[in-house]
Amino acid sequence: IIAPQIQPPAPYFAAVKNGDYDGRLFLVNARNGKVMDLMGGFYFITKDKRYLFSEYASDGINGLEIVDLDKGVVIYSTKKLPCEIMGWYEKGGEYIFTAPIGTPTEKVPPDGTLLVYSFDFHTNTFTEKFITESVLSSYKRLSYEYDPRKQVDCKVNYVESGAVK
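Residues numbered from 1 in each chain as written. Predicted model: local features only at pLDDT ≥ 70, side-chain atom pairs only at ≥ 80, totals over all residues. Heavy atoms only, no water.

### Section: the sheet that holds strand 3 (residues 35–39)
At step 1: Reading across from one edge, 1-2-3 is the order of the three strands in this open sheet, with antiparallel pairing throughout. Taken across any chain shown, the strands that pair with only one partner, and hence form the sheet edges, are strand 1 (12–17) and strand 3. The sheet shows a mean angle of 20 degrees between the axes of neighbouring strands, taken without regard to direction.
At step 2: The pairing of strand 2 (residues 24–29) with strand 3 spans five bridges and is classified as antiparallel. (Pairing = 2+ DSSP bridges. Helix = DSSP H or I, 4+ residues; strand = E, 2+ residues; numbered from the N terminus. Axes fitted to C-alpha atoms, helices over the stretch in contact; angles between N-to-C directions.)

Printed below as a string of structure tokens:
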């Protein structure tokens, strides 16, 4: 279990468990002691600090949970996103993720367009749309507050002499 360096806003504290093909985000509310056990591994917090997007770190499962930090509730949860998330972007409070190129969908993207999914905070759903790379370049590429791929493995490395490295 790791306590990420970048934490959600008060009153929350985050701890992440990775491994066993079941990444978890434990979000502790310091005011009331309640713990949310979320699909996790990767997470980022929206620009206004109101929402936390927790992406599931698991092989073959495209899961995501979105938490309203003001209300302390999960507003979106699925283990069946339509595709793998390639990258997150934001523009004017709109949060989108890009689909892999060549993702099978019922719709064939028009030439020169990319398939993206946009989250609607009013309906708590994603909508599919096609945008050009030029339009995508007007969005800000987001980074995760916590990304397990950037962590040093929790293992001991040995040199030839057998001494701990």
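### Section: the sheet that holds strand 6 (residues 64–68)
At step 1: An order of 4-5-6-7 is seen for the four strands of this open sheet, with the pairing classed as antiparallel. Two strands in the sheet have a free side with no partner beyond their single neighbour: strand 4 (41–45) and strand 7 (73–78). The mean inter-strand angle of the sheet, taken between neighbouring strand axes irrespective of direction, is 15 degrees.

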